[in-house]
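Descriptive analysis of the structure
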Amino acid sequence: MEQKDHVGHPAIGVAATMPYGAPAGGPYGAYQHIYQQQHQQQQQQQLQMFWADQYREIEQTTDFKNHSLPLARIKKIMKADEDVRMIAAEAPVVFARACEMFILDLTHRSWAHAEENKRRTLQKNDIAAAITRTDVFDFLVDIVPREDTRDDVIPRALGAPSGDQLAYYYVQQ
């Protein structure tokens, strides 16, 4: 019998080691389910704290001169669209901050997948898994191909409900 998590997907990963010959739905299945729920709640809390910190940082920002991404490169990408003629000085600054937040969010979600698989090194398949699990990243599904052969992520069709345990978090004002 296939074990399912609370959203109806086949359960992934094994949180507790089962003795040889132990039934999948036996007493260890309940521990595994509880562990997965606690782990998902912890990841959700980390994402909520991340976005709350990002929001506070944006509100407190007074120095718009220092950027972690090169504004000239961002402006060049923006001008790649032939319809764009003029770009206000603050537009690349806003894009730089948005790109930084995008990278940070995707990294947090990818790291959660690496930790689920008990690894301390972020890999390409962790990024692919984060993209697959998060609806807002659907535009990247074709850009970041999945090469993993293991069942360490739950595949889903484009447009299908993700069952995203780490739902995208918006800070309400």
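Bear in mind that the values here come from a model prediction, so they are computed numbers and not experimental data. (Residues numbered from 1 in each chain as written. Predicted model: local features only at pLDDT ≥ 70, side-chain atom pairs only at ≥ 80, totals over all residues. Heavy atoms only, no water.)

Side note on the pattern of salt bridges
Applying the stated rule across the entire model yields 7 salt bridges. For the salt bridge of Arg120 with Glu115, the shortest nitrogen-to-oxygen distance reads 3.8 Å. Given a relative accessible area of 66%, Arg120 falls into the exposed group. A residue is classified by how much of its surface remains accessible, and Glu115, at 31% relative accessible area, is partly exposed. Two residues, Asp126 and Arg119, come together in a salt bridge whose shortest N-O distance is 2.6 Å. In this structure, Asp126 and Arg119 share a single accessibility class: buried. Beyond isolated ion pairs, a larger network of salt bridges with shared partners links Glu57, Arg97 and Glu100. (Salt bridge = Lys/Arg side-chain N within 4 Å of Asp/Glu carboxyl O. Buried < 20%, exposed > 50% of the residue type's maximum accessible area, 1.4 Å probe, protein only.)

What to know about the nonpolar core
Core analysis: the largest hydrophobic core is formed by 7 residues, namely Leu106, Ala128, Ala130, Ile131, Phe137, Leu140 and Val144. Here the element with the most residues in this core is helix α4 (residues 124-133); it accounts for 3 residues. Apart from the residues lying within four places of it in its own chain, the contact partners of Val144 are Ala128 and Ile131. (Core = buried A, V, L, I, M, F, W, Y, C linked by side-chain atoms within 4.5 Å. Helix = DSSP H or I, 4+ residues; strand = E, 2+ residues; numbered from the N terminus. Contact = heavy atoms within 4.5 Å.)

Details of the confidence of the model for the chain
Averaged over all residues, the pLDDT of the chain equals 75, while 68% of them reach at least 70. When mean pLDDT is compared element by element in the chain, helix α2 (residues 71-79) scores highest at 95, while helix α1 (residues 27-60) scores lowest at 80. Note on residues 1-23: pLDDT is under 50 here. Beyond four places in sequence and across chains, it has 46 contacts. Under a pLDDT of 50 for its full length, residues 151-163 has, in the predicted model, 33 contacts with residues more than four places off or in other chains. (pLDDT = per-residue confidence, 0-100.)

Things to note about the packing of helix α3 (residues 90-116) against α4
Axis separation between α3 and α4 bottoms out at 8 Å; the angle between their running directions is 110°. The angle between α3 and α4 places the two elements in the roughly perpendicular class. In this structure, the crossing between α3 and α4 has a hand that is right-handed. Residues Leu106, Arg109, Ser110, His113, Ala114 and Glu116 of α3 form the contact with α4, whose participating residues are Asn125, Asp126, Ile127, Ala129, Ala130, Ile131 and Arg133. (Axes fitted to C-alpha atoms, helices over the stretch in contact; angles between N-to-C directions. Parallel < 35°, antiparallel > 145°, perpendicular 65-115°, else oblique. Left-handed = near helix turned anticlockwise from the far one by under 90°.)

A word on the packing of α2 against α3
Packing of α2 against α3 leaves a shortest axis separation of 9 Å and a crossing angle of 105°. In terms of axis orientation, α2 runs roughly perpendicular to α3. Facing Leu71, Ile74, Lys75 and Met78 of α2, the residues of α3 in contact are Ala91, Pro92, Val93, Phe95 and Ala96. The class makeup of the residues in the contact of α2 with α3 is 8 nonpolar, no polar and 1 charged. (Nonpolar A, V, L, I, M, F, W, Y, C, P; charged D, E, K, R; others polar.)

As for the packing of aromatic side chains
Tallying each qualifying case throughout the model produces 3 aromatic pairs. Taken together, a centroid distance of 6.3 Å and an interplanar angle of 40° make the contact between Phe102 and Phe139 tilted. Remark: Phe139 occurs in the segment after α4 and Phe102 occurs in helix α3; sequence separation between them is 37 residues. Judged by relative accessible area, which is 29%, Phe102 ranks as partly exposed. According to the relative accessible area criterion, Phe139 is exposed, its value standing at 54%. (Phe/Tyr/Trp six-rings, centres within 6.5 Å; stacked < 30°, edge-to-face > 60°.)

Thoughts on the side chain of His113
Here His113 lies in helix α3. Among the polar contacts listed, one links the side chain of His113 to the side chain of Asp126, at a separation of 2.7 Å. (Polar contact = N/O pair within 3.5 Å; in protein donor to acceptor, adjacent residues only side chain to side chain.)

Brief notes about α4
For α4, a buried count of 8 out of 10 residues is recorded, marking the element as mostly surrounded by other parts of the structure. Buried within α4 are the following residues: Asn125, Asp126, Ala128, Ala129, Ala130, Ile131, Thr132 and Arg133. Those residues of α4 that are buried lie in contact with α3.

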